[in-house]
Amino acid sequence: MLRTQLSACLSKSLSSLEDIASNHKGLARVVLKKGKSQIFKDGNPMVYSGAVHKIIGRPGPRTGDMVLVQDGSDKPVGWGLYNSVSMFCVRLMQLDEESKKDSSCVLNMEKLLEERFLNAVDLRKSLGLPSNNTNVYRLINSEGDRLSGLIVDIFGEIAVIASSAAWVEKYRNEIESQVLKFTGVKQIHWRSSIEMLKEEGLEITQEKENNENNLSPPQNIQVVENGVKYRVSPEGQKTGFYADQRENRDFISRFCNEKKVLDLYCYSGGFALNALKGGASHVIGVDSSLSAIELAKENIEINNFDSSKISFVKEDAIEFMKRAISQDELFDVVILDPPKLAPRKKVLQSACGKYRNINSLAMRVIKKGGFLMTCSCSGAMTQSSLFIPTLQGAALNAGRKITVLREAGAAWDHPIDPAYPEGKYLTNVLLRVI
């Protein structure tokens, strides 16, 4: 009898989430179907609508509201933020097991944001970021930092925040407050992902986004990464700079001494500049964007690099390679970092064909025994494990033989939650081409 009472008391004392939720008037409950809850208990934050049995609450929850998520036996799984339109109807913020250890963040978004930002800052500090030779880095990496839909990149004294979830838009002020509190940046630039937010049920026009940014968009700013200076446009691709390739850019500098290098889809010249830093005899960067090429040319100047050894060309990468093949022009090292070719799983098959074709062309402009660093930033491709087989197919098409020397992903300030493998998107492969 006593044991039963003690067990009941202990169970009740540990049910902090359920207890706190019961005191939140009007808090809706999202009940999952039986057999569908384990993936979320294991840490996947994205509760899809097909896993939901019913929603209890009158009136029903609105987009951005906090909700309690329960399994098929009505036991709490965790709490999160609701979306009435998205295929992901809840983004879990905290699991029940976590709330038992620390209830201070339960159903308290301001406190939870503070805790997550503190953890993110501590992680980057332990990784040596920022430092004297690197002041551009990712502070918040969405699910990897357990704030699904939120990206925060730091560019020296400017923070660029990328929003792709309705809850992020709702808690904009609180997020900006945490960024200012923990980083000391002097300016924040907010970038709403208009297309992704449409899927979240939000209609945000570019004009509205511009009006809500109280300060005018920052002009090209100067940052440093691994000792190389860059002009960054916060209005450019992604958040303005591909910090995810930091370690890969540094790696390329280690084997380019006295080599002729071609950097395709070069954007602002990250790989090309690091190749030159590593002693390359000549480097050519190719991109179809005029603004990217202009940034790349500025980057030559601000680094005081020898302009006779590096050039940037505005041209379609495929056309450049075809012309190089027709003129028998060969390179010791080629970097191929194309834009996302497989944004969805349903186009993966056609994307494999595109990756095979451009990599086959790249292999044909490499000297025998040369190197190809080739990338895919398509999550669907990376998660399918089809990239290496696709490269093998490209080699067969090109009449070349390849060996894999190195496989890498995003830089270590882009953490991945193993409970959400969909967060893994970047593949970087170094090949020897014979």
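Residues numbered from 1 in each chain as written. Predicted model: local features only at pLDDT ≥ 70, side-chain atom pairs only at ≥ 80, totals over all residues. Heavy atoms only, no water.

## Quick word on the sheet that holds strand β5 (residues 76–82)
- Reading across the sheet, the 6 strands line up as β2-β6-β5-β4-β1-β3 and stay open at both edges, with mixed pairing between neighbours. Of all the strands in the sheet, just β2 (46–48) and β3 (52–56) have a single pairing partner and so form its edges. Taking the axes of each pair of neighbouring strands and ignoring which way they run, one obtains an average angle of 35° across the sheet.
- Here strand β4 (residues 66–70) pairs with β5 via 5 bridges, running antiparallel. (Pairing = 2+ DSSP bridges. Helix = DSSP H or I, 4+ residues; strand = E, 2+ residues; numbered from the N terminus. Axes fitted to C-alpha atoms, helices over the stretch in contact; angles between N-to-C directions.)

## Re the packing of aromatic side chains
- All told, the structure shown has 8 aromatic pairs when counted by the stated rule.
- Where Tyr 242 meets Tyr 267, the ring centres are 5.4 Å apart and the plane angle is 85°; that geometry is what we call edge-to-face. Here Tyr 242, found in the loop between β12 (228–232) and α10 (246–252), pairs with Tyr 267, found in the loop between β13 (260–264) and α11 (270–277); they are 25 residues apart in sequence, far enough to count as distant.
- Ring pairs connect the aromatic residues Phe 251, Phe 255 and Phe 371, which therefore count as one cluster.
- The ring of Phe 331 carries Lys 260 above its face, with NZ or CZ at 4.8 Å from the centroid. (Phe/Tyr/Trp six-rings, centres within 6.5 Å; stacked < 30°, edge-to-face > 60°. Lys NZ or Arg CZ within 6 Å of the ring centre and 35° of its normal.)

## Side note on the sheet that holds strand β7 (residues 136–141)
- Sheet architecture is open: 4 strands sit in the order β7-β8-β9-β10, paired in mixed fashion. Strand pairing shows two members of the sheet lacking a second neighbour, β7 and β10 (187–192), which therefore form its edges. Taking the axes of each pair of neighbouring strands and ignoring which way they run, one obtains an average angle of 20° across the sheet.
- Bridge count between β7 and strand β8 (residues 150–155): 5 bridges; the pairing is antiparallel. Each bridged residue has a counterpart across the sheet, and for Asn 141 the counterpart in β8 is Ile 151.
- Across the sheet, helix α5 (residues 109–126) lies against β7 and β8, angled at about 145° from β7, the strand it touches most.
- The strands that helix α7 (residues 172–183) touches are β7, β8, β9 (158–163) and β10; relative to β10, the one it contacts most, it runs at about 140°. (Contact = heavy atoms within 4.5 Å.)

## Some remarks on α7
- The end-to-end C-alpha distance of α7 is 16 Å, a good match for the 16 Å that 12 residues give at a rise of 1.5 Å each.
- What α7 keeps buried is the set Arg 172, Ile 175, Glu 176, Gln 178 and Val 179. Down the axis, α7 shows its buried residues gathered within 160° of arc, on one side only. Summarising the geometry of α7, the exposed residues directed more than 90 degrees from the buried face are Asn 173 and Lys 181. (Expected span 1.5 Å × (residues − 1). Buried < 20%, exposed > 50% of the residue type's maximum accessible area, 1.4 Å probe, protein only. Arc of directions from axis to C-beta.)

## Side note on α5
- With 18 residues, α5 should cover 26 Å at 1.5 Å per step; its first-to-last C-alpha distance of 26 Å lies within 8% of that length.
- Taken together, the buried positions of α5 are occupied by Met 109, Leu 112, Leu 113, Arg 116, Phe 117, Ala 120, Val 121 and Arg 124. Take α5 and look down its axis: the buried residues cluster within an arc of 165°, on one side only. Across α5 from its buried face, at more than 90 degrees, point the exposed residues Lys 125 and Ser 126.
- At the N-terminal boundary of α5, the capping side chain belongs to Asn 108, with an oxygen 3.3 Å from the backbone nitrogen of Glu 110.
- Of the residues flanking the end of α5, it is Gly 128, one or two places downstream, whose phi is positive at about 85°. (Polar contact = N/O pair within 3.5 Å; in protein donor to acceptor, adjacent residues only side chain to side chain.)

None of the figures reported here should be taken as evidence of function without further support.
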